[in-house]
Each structure stands twice: as C-alpha cells, then as structure tokens.
Amino acid sequence: GEDVEQSLFLSVREGDSSVINCTYTDSSSTYLYWYKQEPGAGLQLLTYIFSNMDMKQDQRLTVLLNKKDKHLSLRIADTQTGDSAIYFCAEILGSSASKIIFGSGTRLSIRP
Amino acid sequence: GAGVSQTPSNKVTEKGKYVELRCDPISGHTALYWYRQSLGQGPEFLIYFQGTGAADDSGLPNDRFFAVRPEGSVSTLKIQRTERGDSAVYLCASSLAGGKETQYFGPGTRLLVL
C-alpha cells in the first residue's frame, strides 16, 4: 500500500541541527521529496532525491535515503527561526508517476 | 513569472450549497493537480489533468466532486451539495509535463462549510 509516516513535532535550539525522519512503504517509489509549508503559504519544494541515490546535499540541507529500510531523513544544519514550519515527506510512485503521496507533516519549532 | 494562483483564497458556505474553486496554473504547464489538505494532515491527491483531460481522478472522494479544465489551462473544482466534512484547504499544483516533473503548488483555497 501507499503510506508515508513521520513524527508530528520536533523542537530544536536555534543554531543546532534538525533531523526530520520519514518512513514510506511503497518500494516502487522513484522520487522522494521534502516540502516546507509556512503558515498561510503554499507548499514549497525544498529538495528531492531519486531512489537510486543515498544522499543529496544542498547548502544547509542534507537528505539521506536508506532504501532497504524505506527511511528518508532531512537534516537542516544551523537551524534558524525562519526554518519554523511544517515539513512534509512525500513520494511519487513508479506506477502512477504523477500523484504525490504526502506524510502528515512534522512541525518544527525553534527555541532560542 | 507568476506562480500558481487560486481563487478565492477563502470560501465560507452553508451545508448543501454548491461551490467552485479556481486554479490558474503556471503558463505553459500542461499538467495540473488538485489536492485536499485537512487540518493537521498532509495533502491528499484528488485529480490530475494532462491537457484538457483527466488522466487520473482516483482521488475524488465521491460523485459530488468534479473538476474541469476545458482549454488546458485554468481548472475549476466543483463541489455539489457541500458537507461539513468537505471543509479543508484545496491545493492546486502544476508541472511542466506531468510524470515526475516537479509540481509547483498554489497558496490554496480554504473552504469552510457551516
């Protein structure tokens, strides 16, 4: 079946690293995404990783993919107050190649 | 260039009424998607258009929901006989050619059914 799971909340101190974890069930996933949603704003694509990759780094963002365990993580280095948002893990399936399956989102809060 | 726009940004209606939600995709994008996001949840897929035709409508919850894209650009999501459970944020996204192309999301329409 199609299911993406992630923890609901994460609180980190400003300047620390944030790690948001996600598990998915469908082994036919081809692309895996991280989206960011700020209050009142639309979904913003942060980064994505193709299923044949293990890691992708983009400035402060590092995505790790463990395909064997179907585990995806997003690490945000030097977390800032502007990183406060809900982060959605998502997958696009090989079979549909169109619709995106989203997790329920992880709310990241930053404490001073 | 403009992003995906959606109107209205907010819609309040009464149970049983009919509503239309509009999406203007990014110019030149052939693929258009509708998603629904309930409070505290991630977006759920509703329907995907490639050009004027619905390529995948498997996410529409029932026959009260219908969407059109008559000229292959603007799309309208139509909900008949609205129910309180239809209250959600309705998100539209577009991509250049569908498939695994990046989907760009609009700000959404917040629908509240009283």
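Procedures and definitions
- Residues numbered from 1 in each chain as written.
- Chains lettered and ligands numbered in written order.
- Predicted model: local features only at pLDDT ≥ 70, side-chain atom pairs only at ≥ 80, totals over all residues.
- Heavy atoms only, no water.
- Phe/Tyr/Trp six-rings, centres within 6.5 Å; stacked < 30°, edge-to-face > 60°.
- Helix = DSSP H or I, 4+ residues; strand = E, 2+ residues; numbered from the N terminus.
- Buried < 20%, exposed > 50% of the residue type's maximum accessible area, 1.4 Å probe, protein only.
- Contact = heavy atoms within 4.5 Å.
- Buried area = accessible area lost by both parts, 1.4 Å probe.
- Salt bridge = Lys/Arg side-chain N within 4 Å of Asp/Glu carboxyl O.
- Polar contact = N/O pair within 3.5 Å; in protein donor to acceptor, adjacent residues only side chain to side chain.
- Nonpolar A, V, L, I, M, F, W, Y, C, P; charged D, E, K, R; others polar.
- pLDDT = per-residue confidence, 0-100.
- Pairing = 2+ DSSP bridges.
- Axes fitted to C-alpha atoms, helices over the stretch in contact; angles between N-to-C directions.
- Core = buried A, V, L, I, M, F, W, Y, C linked by side-chain atoms within 4.5 Å.

Undergrad: What exactly am I supposed to notice about the packing of aromatic side chains here?
TA: Aromatic rings considered in pairs are described by the distance between their centres and by the relative angle of their planes. The final tally for this structure, using the stated rule, is 14 aromatic pairs over all chains. The interplanar angle of 90° and the centroid separation of 6.3 Å between the aromatic rings of phenylalanine 88 of chain A and phenylalanine 102 of chain A together place this pair among those described as edge-to-face. Of this pair, phenylalanine 88 of chain A sits in strand 9 (residues 85-93) while phenylalanine 102 of chain A sits in strand 10 (residues 100-102), placing them 14 residues apart in sequence. The exposure classification of phenylalanine 88 of chain A matches that of phenylalanine 102 of chain A, with both residues buried. Among the aromatic residues, ring-to-ring pairing joins Tyr31, Tyr33, Tyr35, Tyr48, Phe50, Phe88 and Phe102 of chain A together with Tyr33, Tyr35, Phe45, Tyr48 and Phe105 of chain B into one connected group.

Undergrad: Teacher, can you tell me more about the interface of chain A and chain B here?
TA: It is common to report an interface's size as the accessible area lost on association of the parts. Across the contact, 17 residues belong to chain A and 19 residues belong to chain B. For the chain A and chain B pair, buried surface summed over both sides reaches about 1,500 Å², with 58% attributable to carbon and sulfur atoms. Between the two partners, chain A and chain B, sit zero salt bridges. Our enumeration of links across chain A and chain B arrives at three residue pairs in polar contact (both at pLDDT 80 or more). Of all elements in the fold, only strand 4 (29-37), strand 5 (43-50), strand 9 and strand 10 of chain A reach the threshold of two or more residues within the side of chain A that touches chain B. Looking at the side of chain A that touches chain B element by element, the count peaks at five residues for strand 4 of chain A. Among the residues forming the side of chain A that touches chain B, the class breakdown is 10 nonpolar, six polar and one charged.

Undergrad: How should the confidence of the model for chain A be read in this particular structure?
TA: A low pLDDT means the predicted coordinates there should not be read in detail. On average, residues of chain A score 90 in pLDDT, and 95% of them are at 70 or above. Looking over chain A, one finds the lowest element-wise mean pLDDT in strand 4 of chain A, namely 88, and the highest in strand 2 (residues 9-13) of chain A, namely 97.

Undergrad: Explain the sheet that holds strand 1 (residues 4-6) of chain A here, please?
TA: Sheet strands pair via backbone hydrogen bonds, and the direction of the pair is either parallel or antiparallel. All names here are of chain A. Here we have five strands laid out as an open sheet, ordered 1-3-8-7-6, and antiparallel in their pairing. In the strand order of this sheet, the two ends are held by strand 1 and strand 6 (55-58), each with one partner. Direction aside, neighbouring strands of the sheet carry axes that sit 15° apart on average.

Undergrad: Any chance you could explain the nonpolar core here in plain terms?
TA: One recurring pattern in soluble globular proteins: nonpolar side chains tend to sit buried together. Grouped together as the largest cluster of nonpolar side chains are 22 residues, with contacts concentrated most on Trp34, Leu72, Leu74 and Tyr87 of chain A. Elements with a contribution of two residues or more to this core: strand 3 (18-24), strand 4, strand 5, strand 7 (61-66), strand 8 (71-76), strand 9 and strand 11 (106-111) of chain A. Of all the elements, strand 9 of chain A adds the most residues to this core, at four residues. With 20 residues, the next largest nonpolar core counts Val19, Cys23, Ile26 and Cys92 of chain B among its residues.

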